[in-house]
Amino acid sequence: TVNVTAGGEQGRVWLVDPQNGNERSMLVNQGTAMYVLVTDQDSEEWVRLGSVTVSSPTHTLTLSMTNATLLSNGEYLVTVQTSPSLTETRPWVLGGCGRGSNIAIQYHDALPFSEVRAEAVVNQGAVLTASPQPVGMGESVTITVVDADLDSDPTVRNAGQVRVVSNRLPLGTELLPIVETGVDTSAFTATLKTALRPTVDAVNNGVMNVQRGDRLT
């Protein structure tokens, strides 16, 4: 069976991250805004007649495309505020967006009169810090990650990995094991040794060779 639509270009919908060049991602960080990208090559007049509906397990919001931000020809951005609260009452905030919740996104296309759908999931965003900054040549860098998603078993100290990359690729790379600081803390740490050497050392040997002006990410 094939559905035939009459007139107009079929729109599409995604979630994007504006801080990373509108990279498409179907993850929403808990308690942050959600950015819905609608692509539709129909005339702006027709696109503005449409709407976007976002639904969590407990709440639903419908937002008119009238207020969407036109990014470029055929691309529109709709910003949705989210909250993990199950009792959220503000009419512009989508409640019920707790960690692990599924979010349904619908673009109601006015021409052709149809709907396109996408799904997302709420993630609790990780926070990574490194100190000292800047690091002296030959010093050690302490890396701390706070991420509830890594705390998969609240009864034990969990572990994960962090990839550290030097701007002197391809060999300036270390994959470090990070260990939870205690049971159910969601905080993980690792230490990376640096050595003042002009050559790039072997990958994943626990030591990052550095020179003045090197950048580690």
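Please refer to the structure higher up on the page.
Caption draft 1: Representation of the overall build of the chain within the structure. Scanning the chain from N- to C-terminus turns up one helix and 17 strands. Here the C-alpha atoms of the chain give a radius of gyration of 23 Å, more than 25% beyond the 17 Å that 2.2 N^0.38 yields for 217 residues. For the chain, the spread of C-alpha atoms along the principal axes amounts to about 65 × 40 × 35 Å. Counting all 217 residues of the chain, 39% fall into the buried class. By sequence separation, contacts in the chain at least 24 residues apart represent 56% of the contacts at least 6 residues apart. Approximately 12,300 Å² of the chain is accessible, and the part contributed by carbon and sulfur atoms is 51%. If you average the places of the 13 positive and of the 22 negative side-chain charges in the chain, the two averages end up 10 Å apart.

Caption draft 2: Structural detail: the nonpolar core. Counting 24 residues, the largest nonpolar core has Met34, Val36, Val52, Val54, Met65 and Ile105 as the members making the most contacts within it. Secondary structure elements with two or more residues in this core: strand S1 (12-17), strand S4 (34-39), strand S5 (51-55), strand S8 (75-82), strand S10 (102-110) and strand S11 (113-123). In this structure Met34 touches Leu15, Val28, Val54, Val78, Thr79, Val80, Thr82, Leu94 and Ile103, once residues within four positions along its chain are discounted. If you look at the next biggest cluster of nonpolar residues, it comprises twelve residues, including Val141, Phe188, Ala190 and Val210.

What counts and what doesn't
Residues numbered from 1 in each chain as written. Predicted model: local features only at pLDDT ≥ 70, side-chain atom pairs only at ≥ 80, totals over all residues. Heavy atoms only, no water. Helix = DSSP H or I, 4+ residues; strand = E, 2+ residues; numbered from the N terminus. Rg over C-alpha atoms; globule rule 2.2 N^0.38 Å. Buried < 20%, exposed > 50% of the residue type's maximum accessible area, 1.4 Å probe, protein only. Contact = heavy atoms within 4.5 Å. Areas by Shrake-Rupley, 256 points an atom, 1.4 Å probe, with all protein chains shown as cover. Lys, Arg positive; Asp, Glu negative; His and termini not counted. Charge placed at Lys NZ, Arg CZ, Asp CG, Glu CD. Core = buried A, V, L, I, M, F, W, Y, C linked by side-chain atoms within 4.5 Å.

Geometry only, nothing functional implied.
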